[in-house]
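# Architecture at a glance
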2 protein chains.
Amino acid sequence: MSDGVTRWRISCQRPIAYDIVEAPRLFDPGNRALISAGRIEGGRRFVVVDRNFARYHAEEIHEYFAHHGIAARIVRFPGGEENKSLERCLRILRELDAFPIHRRDEPIIAIGGGVLTDVVGFIASIYRRGVPHIKVPTTLMGYVDASVGIKTGINFDARKNRLGSFEPPLRVFLDKTLLTTLPRRHVLNGVGEIIKLAIIKDSKLFRLLEEHGARSIADAFQNPAGGQILDRAISGMLAELEPNLFEDDLSRRVDFGHSFSQELEARHPDRVLHGEAVLLDIAVSTLIARKRCLLSERDAERIFGVMDRLGIVLDTAVLDRELMWRSLLDRIEHRDGLQRVPVPDSIGGCVFLNDITRQEIDSSITALEARTRVQCEPALQR
Amino acid sequence: MSDGVTRWRISCQRPIAYDIVEAPRLFDPGNRALISAGRIEGGRRFVVVDRNFARYHAEEIHEYFAHHGIAARIVRFPGGEENKSLERCLRILRELDAFPIHRRDEPIIAIGGGVLTDVVGFIASIYRRGVPHIKVPTTLMGYVDASVGIKTGINFDARKNRLGSFEPPLRVFLDKTLLTTLPRRHVLNGVGEIIKLAIIKDSKLFRLLEEHGARSIADAFQNPAGGQILDRAISGMLAELEPNLFEDDLSRRVDFGHSFSQELEARHPDRVLHGEAVLLDIAVSTLIARKRCLLSERDAERIFGVMDRLGIVLDTAVLDRELMWRSLLDRIEHRDGLQRVPVPDSIGGCVFLNDITRQEIDSSITALEARTRVQCEPALQR
């Protein structure tokens, strides 16, 4: 029996394009960058701003839009993984719908960290089947990771990024000076993603971190070497993302550090930042690679060494063997039936594993706990 | 002052392609069409089936998957506009997440009418940032309209299709015999969209409706002329959709009948079917065009004449001047600042209006009410 006759084939090429623009002094009234994409005369903008960021910049932002005669509705969003929720998303959607905006020429503007741009990007992707949005990262995590790609998402029933979309922004504006008010913990949060990239694909970036990372963190990356690190991190990230924007290839090197940690984040949304979870995952993945002799002792020590040097302290108390195994099981569904776990085979290279066992995860966690415990013994800190 | 320097430009061409396949006897175990797109060996399928349709076909569908050794989770969905809701959507998402499926090779299967395929398409577009889905229309509305395009959506806060996405299906399977159990009212519901297409772009289709429409409706389009009407309607629909799949051009001829009616549907989800609302909108739009002398008296009478001949009775009691005006105001936001209302200027042609006044809508509604009242006077029915 015939399985059917194709009567119509629908096809098209959908062009995707967006610019990542370096725009210092973004909220200076003389700088029209932020409003230039969209209607100005009689224009309206729905703006979602991180609540902490707004403490320093709310007035400046209000005045910016007022100066240009644009009716802006500015909504404050409390950051943090616990607000990457459907409830928060719906609340913003209702405010948006009550405002409202034209469907195409009044882009939504998202000013904040990775959680905020993920949530607002998702809102933009589903409101009226998609309206344009602009991203302005105000955290290092946003700057080097969340804002430059096209992934959006919210957590759902305590499962991380379970709902989301691939939604290219209209534009991304990078203003490095916005990072200066960032607490150190949130600087280190973004550093987690930079370390990830350095390990799996960029030994030169890794050396920059070893040599200039500590200074750059102290300077919130405003120093020249810090700028070099950010540039290299973003370039490297985009080189990975651009040929595989919609993840047609599910073996992604940038998934390093994103295989065992998702359920930890979901369980402890108020305790573990995304970058911190990534670093825990990197540590476990590194020990798995080391145990399999895929990675030399020297390279493994460099990985742990750079974390130490940058002042990163892993919160190993949140490690949970069962949760981390369950994270991997979910990744198998997500990666279409295979584990596809990237682990480093050198500084600047990685391989994919498909046969990691529960026992391997457990013993790597045990090894990591032992390593951290040793470092914490006061006698050794002299 | 410079507005910023473009540092990176991300671009790609995203290929979009899907087939609309004529596949009679879709649930016959010998017909592998429905499972051929995706993993069979050890495969799983999440299937959402219209509750009414399931009354006749549930066992057949269960047996179909069992025969092929596929673990299918079959969820029943109560049709109707009132179930095009976020609550319903979340309930299905939870069932899906608990099932679960591979991200790429275990497509979700949607078997039902337009409401069902819109909701399931939306779920597919946001679950894990998008999983593939297959559509099997079981209503005429689904067959000629909802299933063949890429629009998905749910109502939100009583606003129609306020959340949604453009999500191309993996495949669409057309099995005309599934329409045979459809109640007459639901056949007429789909006819609304066929009439729409005929008026704005296809005078030959219009003549087919005049000559063979009544017979075809009585036969649930199983007769040869009925088949010809369906073919022509789908071809015409696709010819409009394909060059403008993502609605980059907001002046869409297929929006005929979709400018004044949205709030009526939202207000009366249990009383007005989508196609019925479209027909009310067509009637009002036709009278606006007639009053402006854009449309000849003869053509206007042919439009009302074909409705009469097909046994369509407009429920003018739901007409509401304020709601219809508000629908148009929302369309202005949706169509980026302009009304862009298509109205017929002949049988088979249309023009777009941007300056329709509240008064014009009101007087067209009054004229329509008078016309319907006259037709209902018993003395005239002899």
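Owing to the predicted nature of the structure, the values given are computational and were not obtained by experimental measurement. (Residues numbered from 1 in each chain as written. Chains lettered and ligands numbered in written order. Predicted model: local features only at pLDDT ≥ 70, side-chain atom pairs only at ≥ 80, totals over all residues. Heavy atoms only, no water.)

## Points about the interface of chain A and chain B
Of the residues lining the interface, 74 residues belong to chain A; the matching set on chain B comes to 74 residues. Both sides together, the interface formed by chain A and chain B hides about 7500 Å², and carbon and sulfur atoms give 50% of it. Counting the surface chain A buries against chain B, the share from its top three residues, Trp8(A), Ile10(A) and Arg129(A), is 13%. Put simply, chain A and chain B have 18 salt bridges between them. Note that Glu22(B) is salt-bridged to Arg7(A), the shortest N-O span being 3.1 Å. Across the contact surface, chain A and chain B share 55 residue pairs in polar contact (both at pLDDT 80 or more). Those elements that provide at least two residues to the side of chain A that touches chain B are β1 (5–22), α3 (86–98), α4 (114–126), β6 (151–156), β7 (159–166), α8 (224–241) and α12 (321–334) of chain A. No other element matches the 18 residues that β1(A) contributes to the side of chain A that touches chain B. Per-class residue counts for the side of chain A that touches chain B are 30 nonpolar, 16 polar and 28 charged. Strand direction decides the pairing type here: β1(A) and strand β1 (residues 5–22) of chain B, joined by 17 bridges, are antiparallel. Bridged to Ala17(A) within β1(B) is Ser11(B). (Contact = heavy atoms within 4.5 Å. Buried area = accessible area lost by both parts, 1.4 Å probe. Salt bridge = Lys/Arg side-chain N within 4 Å of Asp/Glu carboxyl O. Polar contact = N/O pair within 3.5 Å; in protein donor to acceptor, adjacent residues only side chain to side chain. Helix = DSSP H or I, 4+ residues; strand = E, 2+ residues; numbered from the N terminus. Nonpolar A, V, L, I, M, F, W, Y, C, P; charged D, E, K, R; others polar. Pairing = 2+ DSSP bridges.)

## Topic: the pairing of strand β9 (residues 341–346) of chain B
Side-chain direction in a regular strand flips from residue to residue, so the side chains alternate between the two faces of the sheet. Residue and element names in this part refer to chain B. With five bridges joining them, β9 and strand β10 (residues 349–353) adopt antiparallel strand pairing. Of the residues in β10, the one forming a bridge with Pro342 is Phe352. The turn linking β9 back onto β10 is made up of two residues, and Gly348 within it adopts a positive phi angle of 105°.

## Remarks on the sheet that holds strand β4 (residues 108–112) of chain A
One key point about sheets: their strands pair by backbone hydrogen bonds, in either a parallel or an antiparallel sense. Here 12 strands make up an open sheet; going across it, the order is β3(A)-β2(A)-β4(A)-β5(A)-β8(A)-β1(A)-β1(B)-β8(B)-β5(B)-β4(B)-β2(B)-β3(B) and the pairing mixed. Either end of the sheet is taken by a strand with one partner, and the two such strands are β3 (71–77) of chain A together with β3 (71–77) of chain B. Averaged over all pairs of adjacent strands, the angle between their axes in this sheet comes to 15°, without regard to strand direction. Here strand β5 (residues 133–137) of chain B pairs with strand β8 (residues 171–174) of chain B via two bridges, running parallel. Counterpart to Lys135(B) in the pairing with β8(B) is Val172(B). With respect to the sheet, helix α4 (residues 114–126) of chain B is in contact with β2 (44–50), β3, β4 (108–112) and β5 of chain B, its orientation differing from that of β4(B) by roughly 165°. Most of the contacts of helix α8 (residues 224–241) of chain B go to β1(A), to which it runs at about 15°, and overall it touches β1 of chain A together with β1 and β8 of chain B. (Axes fitted to C-alpha atoms, helices over the stretch in contact; angles between N-to-C directions.)

## Things to note about the domain arrangement of chain A
All names here are of chain A. Split into domains, chain A comes out as domain 1 (19–180) and domain 2 (183–381). Using only C-alpha atoms to locate each centre, domain 1 and domain 2 end up separated by 28 Å. Listed by partner, the interface residues are 23 residues for domain 1 and 34 residues for domain 2. Interface area, domain 1 with domain 2, both sides summed: about 2300 Å², of which 65% is carbon and sulfur. Broken down residue by residue, the surface that domain 1 buries against domain 2 is led by Leu140, Met141 and Lys160, which jointly contribute 26%. Inspection of the region where domain 1 meets domain 2 yields six salt bridges. Put simply, Asp330 and Arg162 hold a salt bridge, and the shortest N to O gap is 2.7 Å. Applying the counting rule to domain 1 against domain 2 returns five residue pairs in polar contact (both at pLDDT 80 or more). Put simply, the parts of the chain that give the side of domain 1 that touches domain 2 at least two residues each are β1, α5 (140–146) and β7. (Domains from an automatic or database assignment.)

## What about the side chain of Arg128(B)?
By secondary structure assignment, the location of Arg128(B) is in the loop between α4 and β5. Excluding its chain neighbours within four sequence positions, the residues that come into contact with Arg128(B) are Arg162(A), Asp330(A), Arg331(A), Glu333(A), His334(A) and Arg103(B).

## Notes on the relation of the copies chain A and chain B
Each of the two chain copies can be brought onto the other by rotation about an axis and movement along it. Between chain A and chain B, which share one sequence, the superposing operator has a rotation angle of 180° and an axial displacement of 0.0 Å; the RMSD is 0.0 Å. In short, the pair behaves as if placed about a two-fold rotation axis. Looking at the rotation axis and the C-alpha trace of chain A, the residue lying nearest is Arg14(A), at 2.4 Å. The fraction of interface residues of chain A whose copies in chain B are also interface residues reaches 100%, indicating that both copies meet through the same surface. (Least-squares fit on C-alpha atoms with pLDDT ≥ 70 in both.)

## Re the packing of aromatic side chains
Ring pairs (aromatic) are described by centroid distance and by the angle formed between their planes. Residue and element names in this part refer to chain A. Counted under the stated rule, the structure contains 10 aromatic pairs over all chains. Measuring from centroid to centroid gives 6.5 Å for Phe27 and Tyr64, while their planes differ by 80°, and the two rings are edge-to-face. Of the two residues, Phe27 sits in the loop between β1 and α1 (33–36) while Tyr64 sits in helix α2 (residues 51–67), which places them 37 residues apart along the sequence. By the burial criterion, Phe27 is buried, and Tyr64 matches it. (Phe/Tyr/Trp six-rings, centres within 6.5 Å; stacked < 30°, edge-to-face > 60°. Buried < 20%, exposed > 50% of the residue type's maximum accessible area, 1.4 Å probe, protein only.)

## Remarks on the environment of Ile35(B)
All names here are of chain B. For Ile35, the position within the fold is in helix α1 (residues 33–36). The exposure class of Ile35 is buried, given its relative accessible area of 0%. Once the C-alpha coordinates of Ile35 and His68 are considered, the two residues, 33 residues apart in sequence, prove to be 8.5 Å apart. Setting aside its immediate chain neighbours within four residues, Ile35 contacts Ile40, Arg45, Tyr64, Phe65, His68 and Ile70.

## Re the packing of helix α10 (residues 274–291) of chain B against helix α11 (residues 297–309) of chain B
Residues and elements named next belong to chain B. Packing of α10 against α11 leaves a shortest axis separation of 10 Å and a crossing angle of 165°. Put simply, α10 runs roughly antiparallel to α11. With respect to the hand of their crossing, α10 and α11 are arranged in left-handed fashion. Contacts from Leu279, Ile282, Ala283, Thr286, Leu287 and Arg290 in α10 reach Glu297, Ala300, Ile303, Phe304 and Met307 in α11. Here the contact of α10 with α11 is composed, by residue class, of eight nonpolar, one polar and two charged. (Parallel < 35°, antiparallel > 145°, perpendicular 65-115°, else oblique. Left-handed = near helix turned anticlockwise from the far one by under 90°.)

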